Amino acid sequence: VRACVSGRKQDIIKVTEQLIEAISNGDFESYTKMCDPAVTAFEPEALGNLVEGLDFHRFYFENLWSKNSKPVHTTILNPHIHLVGDEAACIAYVRVTQYIDSNGTPRTAQSEETRVWHRRDGKWQIVHFHRSGSPSTLSN
């Protein structure tokens, strides 16, 4: 039983890393496959409002992340996973993002994130997330 739990927790870390990679690469197609169509979110860009669906996020993919040609490196620190039955999980972690600003200066941003995953038809999808701290729009 313990190995199974450990394996599922590793799966949650892996899909979270894949999600963040899709964001960093501006890959909206992969991002949408990893999100429930009715995903909800609290994040700095939403100014305290709960946003639902993918349209709000599409704007950032189309106008920001897909146009970023500079290297971005993201690290997930201290992930803590709660397994909720066999079909749901919650992961909380600190996300550290290293990037190059418009002047060519290396910078680091940090955000605190919680993501709720639900497994449907054997595939994990985000149904809700909450991000605090630095907005995804990396400052110049």
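Rules and cut-offs
- Within each chain, residue numbers correspond to sequence positions counted from 1 in written order.
- Residue-level local features of this predicted model are given only where pLDDT is at least 70; pairs of side-chain atoms are given and counted only at 80 or more, and the full residue set underlies all totals for whole chains, interfaces and linings.
- Note that the side-chain values use all heavy atoms of the structure and ignore hydrogens as well as water.
- Classification of ring pairs rests on two measures: the distance between centres of Phe, Tyr or Trp rings, Trp counted by its six-membered ring, which must be within 6.5 Å, and the angle between planes, read as stacked under 30 degrees, edge-to-face over 60 and tilted in between.
- Burial status follows relative accessibility: with a 1.4 Å probe on protein chains alone, a residue under 20% of its type maximum counts as buried, one over 50% as exposed, and anything between as partly exposed.
- Under the scheme used here, helices are H or I runs from DSSP no shorter than 4 residues and strands are E runs no shorter than 2 residues, and both carry numbers assigned from the N terminus.
- Whether two residues are in contact is decided by their heavy atoms, any of which lying within 4.5 Å being enough.
- Any pair of nitrogen or oxygen atoms within 3.5 Å is treated as a polar contact; in protein, a donor-acceptor pairing is required on top of that, and neighbouring residues in sequence qualify only through side-chain atoms on both sides.
- This arc is built from the directions going out from the helix axis to the C-beta atoms.
- Salt bridge, as used here: a side-chain nitrogen of Lys or Arg that lies within 4 Å of a carboxyl oxygen of Asp or Glu.

The chain goes by Calcium/calmodulin-dependent protein kinase type II subunit alpha-like in an unreviewed UniProt entry, where it is assigned to Pundamilia nyererei.

A. Inspection of the packing of aromatic side chains at higher detail. Tallied over the entire structure, the rule returns five aromatic pairs. Residues phenylalanine 59 and tyrosine 60 carry aromatic rings whose centres are separated by 5.3 Å and whose planes lie at 85° to one another, so their mutual orientation is edge-to-face. By relative accessible area, which is 16% here, tyrosine 60 ends up buried. The rings of Phe28, Tyr31 and Phe61 are connected pair by pair, giving a single aromatic cluster.

B. Looking closely at the environment of isoleucine 20. Turning to its location among the elements, isoleucine 20 is positioned in helix α1 (residues 2-24). Of the residues examined, isoleucine 20 reaches a relative accessible area of 3% and is grouped as buried. Taking the C-alpha atoms as reference points, isoleucine 20 and valine 116, separated by 96 residues in sequence, lie 14 Å from one another. Residue contacts for isoleucine 20: discarding those within four places in its chain leaves Thr74, Ile76, Tyr93, Arg95 and Glu113.

C. The arrangement of the side chain of aspartate 101 in detail. Tracing the backbone through its elements, the reader meets aspartate 101 in the loop between β4 (88-100) and β5 (106-120). Only 2.9 Å separates the side chain of aspartate 101 from the backbone nitrogen of threonine 105, close enough to count as a polar contact.

D. Region of interest: helix α3 (residues 55-63). Every buried residue of α3 is listed here: His57, Tyr60 and Phe61. Looking straight down α3, one finds its buried side chains confined to an arc of 100°; they lie on one side.

E. Quick look at the pattern of salt bridges. Using the criterion set out here, one finds ten salt bridges in the structure. With a shortest N-O distance of 2.5 Å, arginine 131 and glutamate 45 are connected by a salt bridge. In this pair, arginine 131 is assigned in strand β6 (residues 123-133) and glutamate 45 in the loop between β1 (35-42) and β2 (51-52), connecting sequence segments 86 residues apart. Taken individually, arginine 131 and glutamate 45 each receive the classification buried, so the pair is uniform in this respect. The shortest N-O distance in the salt bridge between glutamate 87 and arginine 119 comes to 3.6 Å.

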